[in-house]
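Structural overview for review
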Amino acid sequence: MKTSPDSRSRVRLYALIAAALVLMLLAGVGIYGLIAGPKQPAAQSSGSASPSVAPTAQAGPSPTVAKPPAVKRSRDPDVFARNLATTLFTWDTASGLFPLDYSASILAVGDPTGMEQAGLASDLSAYLPSREQWVELRKHATRQSLTIERSYVPDAWHEAVRQAQPGQIPSGATAVTIHGTRHRAGTWNGRPVGEDFAVSFTVFLACPTGGSYHVLRLSQLDNPLK
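All residue numbers here refer to positions counted from 1 along the written sequence of the relevant chain. At least 70 in pLDDT is required for a residue's local features to be given in this predicted model, at least 80 for side-chain atom pairs to be given and counted, and no such filter applies to totals for whole chains, interfaces and linings, which use all residues. Only hydrogens and water are set aside; all other atoms, that is, all heavy atoms of the structure, feed into the side-chain values.

**Quick notes on the overall build of the protein chain**
Our working rule: Helix numbers and strand numbers start at the N terminus; a helix is a DSSP run of H or I with at least 4 residues, a strand a run of E with at least 2. A simple rule labels every residue: compare its accessible area, found with a 1.4 Å probe on the protein chains alone, to the largest value its type can have, and call it buried under 20%, exposed over 50%, or partly exposed in between. Contact between two residues is taken to exist if any of their heavy atoms lie within 4.5 Å; hydrogens are not considered. Accessible surface is estimated by sampling points in the Shrake-Rupley manner with a 1.4 Å probe; for residues, cover comes only from the protein chains shown.
Helix and strand counts for the protein chain stand at six helices and five strands. Expressed as a percentage of its 226 residues, the buried residues of the protein chain come to 47%. For the protein chain, contacts bridging at least 24 residues in sequence account for 73% of all contacts bridging at least 6. For the protein chain, the exposed surface amounts to about 11,100 Å²; the carbon and sulfur share of it is 56%.

Structure, rendered in structure tokens:
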């Protein structure tokens, strides 16, 4: 099968970004590229993490079905990235929804060409609990939300743009790194419990038509571009 000019251009772009990130990594900055995708996070950063909500207590209240949240669109990349992050980290197991319902809200504002949708879906699986984990978390009426403390375009992205050849970076593409606090709450033996975790990640965005931004990919959780 022949490789299209667009595919070759995308390969060159990703190789360029990866090379820039390796240089920064060697300088002591822990970063990684867009195409790497997220690895399954470790204990506290994983969607399965819930030190305050154990999976063996008594079942919580019966869930009531609700509509999944929608990402508020925006022509401002920082505003859009914050809206997307808030939607991604806000869920409630007592809503009657499942992780796929929440990920569908993010995919709805994904790459309109469809080229990055499979990768984005894979990224989302590392941010949300699995269906099996969700069933256990539901027994404790576990819910989550996010407080955003800082967002910015990382230097690694500026460097990638500086080194890119004409046409290698999609029109209107950018990256926004977000730092915040994830709040996890639920019940344990009938008593309310909760715990907070610091989180950081990068949202890769594009806006080729001048309308609202859409999301291309997500970085590995807690390993953002800097």
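**So, the sheet that holds strand β2 (residues 143–152)**
The test is simple: Strand pairing is assigned whenever DSSP identifies at least 2 bridges connecting the two strands.
Taking strand neighbours across the sheet as the criterion, the five strands line up as β1-β2-β3-β4-β5 in an open arrangement whose pairing is antiparallel. A single partner strand is all that each edge strand has here, and the edge strands are β1 (91–92) and β5 (214–218). Pairing of β2 with strand β3 (residues 174–188) involves nine bridges; the strand directions are antiparallel. Opposite I148, over in β3, you have G180 as the bridge partner.

**Points about the side chain of T93**
We count it as follows: For this analysis, a polar contact is any N or O atom pair within 3.5 Å, provided that within protein one partner can donate a hydrogen and the other can accept it, and provided that sequence-adjacent residues contribute only side-chain to side-chain pairs.
Tracing the backbone shows T93 in the loop between β1 and α3 (99–107). Engagement of the side chain of T93 in a polar contact is seen with the backbone oxygen of T142, the distance being 2.8 Å.

**A closer look at the packing of α3 against helix α4 (residues 117–127)**
Basically, it comes down to this: An axis is simply a line fitted to the C-alpha atoms; with a helix, the fit covers only the stretch in contact. Between two such axes, the angle follows the N-to-C directions and lies from 0 to 180 degrees. Orientation categories follow fixed angle ranges, with anything under 35 degrees roughly parallel, anything over 145 roughly antiparallel, 65 to 115 roughly perpendicular, and all other angles oblique. When the near helix sits turned anticlockwise from the far one by under a right angle, the crossing is termed left-handed; a clockwise turn instead gives a right-handed crossing. Asp, Glu, Lys and Arg are counted as charged, while Ala, Val, Leu, Ile, Met, Phe, Trp, Tyr, Cys and Pro are counted as nonpolar; the rest, among them Gly, fall into the polar class.
Two elements in contact, α3 and α4, have axes whose closest approach is 10 Å; the angle formed by their N-to-C orientations is 140°. It follows from the interaxial angle that α3 and α4 lie oblique. Viewed along their axes, α3 and α4 form a crossing whose handedness is right-handed. Along its contact with α3, which presents S103, I106 and L107, the element α4 presents Q117, L120, A121 and L124. Across the contact of α3 with α4, the residue classes tally to five nonpolar, two polar and no charged.

**Topic: helix α5 (residues 131–138)**
Our working rule: Taking the helix axis as origin, the arc is that swept by the directions to the C-beta atoms.
When we look at burial in α5, the residues that qualify are W134, L137 and R138. The arc that holds the buried residues of α5, viewed along the axis, is 100°, so those residues lie on one side. Next to the buried residues of α5 lie β1, α3 and β3.

**So, the environment of F89**
Tracing the backbone shows F89 in helix α2 (residues 77–89). In this structure F89 comes out as buried when scored by relative accessible area, which is 1%. For the pair formed by F89 and R182, sequence separation is 93 residues and the distance between their alpha carbons is 7.3 Å. The contacts of F89, once residues within four sequence positions are left out, are Y127, Q144, S145, L146, R182, V199, F201 and L221.

**Regarding the nonpolar core**
We count it as follows: The term nonpolar core refers to a set of buried residues drawn from Ala, Val, Leu, Ile, Met, Phe, Trp, Tyr and Cys, joined through side-chain atoms within 4.5 Å.
Membership of the largest hydrophobic core comes to 25 residues, with the highest contact counts inside it found for L84, F201, V203, V215 and L218. Secondary structure elements with two or more residues in this core: α2, α4, β2, β3, β4 (191–206) and β5. With six residues, the top contributor of residues to this core is α2. By size, the runner-up hydrophobic cluster in this structure holds 10 residues, among which are W157, A164, I169 and L225.

**Details of the pattern of salt bridges**
When their charged atoms lie close together, side chains carrying opposite charge are able to pair. Operational definition: The working definition used for a salt bridge is a side-chain nitrogen of Lys or Arg within 4 Å of a carboxyl oxygen of Asp or Glu.
What the rule picks out here adds up to five salt bridges. Note that R217 and D123 form a salt bridge whose closest N and O atoms lie 2.7 Å from each other. Of this pair, R217 sits in strand β5 while D123 sits in helix α4, placing them 94 residues apart in sequence. For the pair R217 and D123, a shared accessibility class is recorded, and that class is buried. Residue E159 pairs with R162 through a salt bridge whose shortest N-O separation is 2.6 Å. Linking E159 with R162, this pair stays in helix α6 (residues 155–163), spanning three residues, or about one helical turn. Looking at E159, the relative accessible area reads 24%, which means it is partly exposed. According to the relative accessible area criterion, R162 is exposed, its value standing at 60%.

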